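Understanding the architecture of this molecule
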Amino acid sequence: MNVLVATLGILLALLIVGIAFYLLTPRRYQSSDSVANSYDDWTNDGILEFYWGEHIHLGHYGSPSRKKDFLQAKSDFVHEMVLWGGLDKLSAGTTVLDVGCGIGGSSRILARDCGFAVTGITISPQQVKRAQELTPPGVNAHFQVDDALALSFPDASFDVVWSIEVGPHIADKAQFAKELLRVLKPGGILVIADWNQRDDRSKTLNWWERPVMRQLLDQWSHPAFSSIEGFSEQLEATGLVAGQVATADWTQETLPAWLDSIWQGLVRPGGLLKFGFVGFIKSLREVPTFLLMRLAFGAGLCRFGMFRAVRAASPGVSAQNMASEQNNDNLVRS
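Residues numbered from 1 in each chain as written. Predicted model: local features only at pLDDT ≥ 70, side-chain atom pairs only at ≥ 80, totals over all residues. Heavy atoms only, no water.

**A word on the confidence of the model for the protein**
Averaged over the protein, the pLDDT score is 89; the fraction of residues at 70 or greater is 87%. Every residue in residues 317–334 is under pLDDT 50, and counting partners more than four places away or in other chains gives 24 contacts. (pLDDT = per-residue confidence, 0-100. Contact = heavy atoms within 4.5 Å.)

**So, a nonpolar patch on the surface**
On the surface, Trp263, Leu266 and Val267 cluster together into a nonpolar patch covering about 320 Å² of accessible area. Classification of Val267 by relative accessible area gives partly exposed; the value is 41%. (Patch = residues over 30% accessible without salt bridge, like charges linked within 9 Å, V, L, I, M, F, W, Y side chains within 5 Å. Areas by Shrake-Rupley, 256 points an atom, 1.4 Å probe, with all protein chains shown as cover. Salt bridge = Lys/Arg side-chain N within 4 Å of Asp/Glu carboxyl O. Buried < 20%, exposed > 50% of the residue type's maximum accessible area, 1.4 Å probe, protein only.)

**Here's the deal with the pattern of salt bridges**
With the rule as written, the count across this model stands at 19 salt bridges. For Arg182, the salt bridge goes to Glu179, with nearest N and O atoms at 2.7 Å. Note that Arg182 and Glu179 are positioned in helix α7 (residues 173–182) at a spacing of 3 residues, about one turn of the helix. Just as Arg182 is buried, Glu179 falls in that class too. A salt bridge links Glu209 to Arg198; the shortest N-O distance between them is 2.8 Å. One end of the pair, Glu209, is in helix α8 (residues 209–219); the other, Arg198, is in the loop between β5 (184–197) and α8, and 11 residues separate them in sequence. Look at Glu209 and you get buried, because its relative accessible area is 3%. Relative accessible area serves as the criterion here: at 13%, Arg198 is assigned to the buried category. In the salt-bridge network here, residues are joined through shared partners; they are Glu49, Lys129, Arg130 and Glu133. (Helix = DSSP H or I, 4+ residues; strand = E, 2+ residues; numbered from the N terminus.)

**Considerations on the environment of Ala177**
In this fold, Ala177 is placed in helix α7. On the accessibility criterion, Ala177 (0% relative accessible area) is buried. Sequence separation between Ala177 and Phe231 is 54 residues; the distance between their C-alpha atoms is 8.0 Å. Once you skip the residues sitting within four places of it in the chain, Ala177 turns out to touch Phe231, Gln234, Leu235 and Thr238.

**Examining empty space enclosed by the protein**
With the rule as written, the count across this model stands at 3 cavities of 30 Å³ or more. In terms of lining residues, the largest cavity is bounded by Gly167, Pro168, Lys173, Phe176, Asp194, Trp195, Asn196, Ala224, Phe225, Ser226, Phe231 and Phe307. Elements supplying a minimum of two residues to the lining of the largest cavity: α7 and β5. Ranked by residues supplied to the lining of the largest cavity, first place goes to β5 with 3 residues. For the lining of the largest cavity, the residue count by class is 7 nonpolar, 3 polar and 2 charged. Considering only enclosed or pocket space, the second largest cavity measures out at about 50 Å³ in volume. Taken together, Trp42, Thr43, Gly46, Leu48, Glu49, Ile56 and Ile103 make up the lining of the second largest cavity. At the level of elements, α2 (32–45) and α3 (47–52) are the ones that each hand at least two residues to the lining of the second largest cavity. Considering only residue class, the lining of the second largest cavity consists of 4 nonpolar, 2 polar and 1 charged. (1 Å grid on protein atoms, 1.4 Å probe; cavity = no way out; pocket = protein on both sides within 12 Å on 5 of 7 lines; lining within 4 Å. Points joined across faces, edges and corners; volume = space filled by probe spheres on them. Nonpolar A, V, L, I, M, F, W, Y, C, P; charged D, E, K, R; others polar.)

Here you go:
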């Protein structure tokens, strides 16, 4: 009994330390540098990679969702996104820009399993370094530091532009939309997966949603979340989209990932030995954010949005003209 009480006392004390650390050390967005610094820190300490693997994004658990291995669900997400975006119909050698590539997990799958020629970009120099270290010879994936709001590539450089969970880190969503489409070739495909806020133009945030959203912004260097509807409108407003942006809501498919992320800390105690007490407290610090994310996505405050758009031949081109051009697009196999 005394041992149980002592154990519970230690766990309570650690929880208090973790919550205090969480509240006293917010990672508020200041500029793109604050985002780069956060990811540099997460990459250097290795904790995020240890628990989340090569894919620093949520997993796909199916619909209805089913129990999956945490890391396998992340790999499955990439393959599901390929199918949803219609990228499985593209030929080997298709050029892909992975915007916000992290340490390159998705880029390597696209290169290895789809035969694409992938360029991954991130604002974090340490992520580029680690992505290069993890990419074996023969995998056609290359990485560089770049800014998603001012991409260094010429117009119409890529057949596909791909991005997972980057938007919340971007302050200027309209410019982000323009850059993604600018570097895409006419007839090329843009496919995005992102965390989104409910469209507050139709239903404003209530008394508990506002402080929850504030914490989700402050803790992970997010300036703002778009809504699915709002970002779709910003993509179409560029004049570079043929027809309309296709969207989907994958909230239910990804929802188990939040609690699964916390569970990894319990089923993989080797992290405590690897990273020590400081690493344990740093990991514990993230638990409140995971719980708030689960609350937000489960309650409808946040939604997991999917976006697919085809690049128009020129600004303002009609959907009918673009459809005709796509029939002759040599990127898509008949």
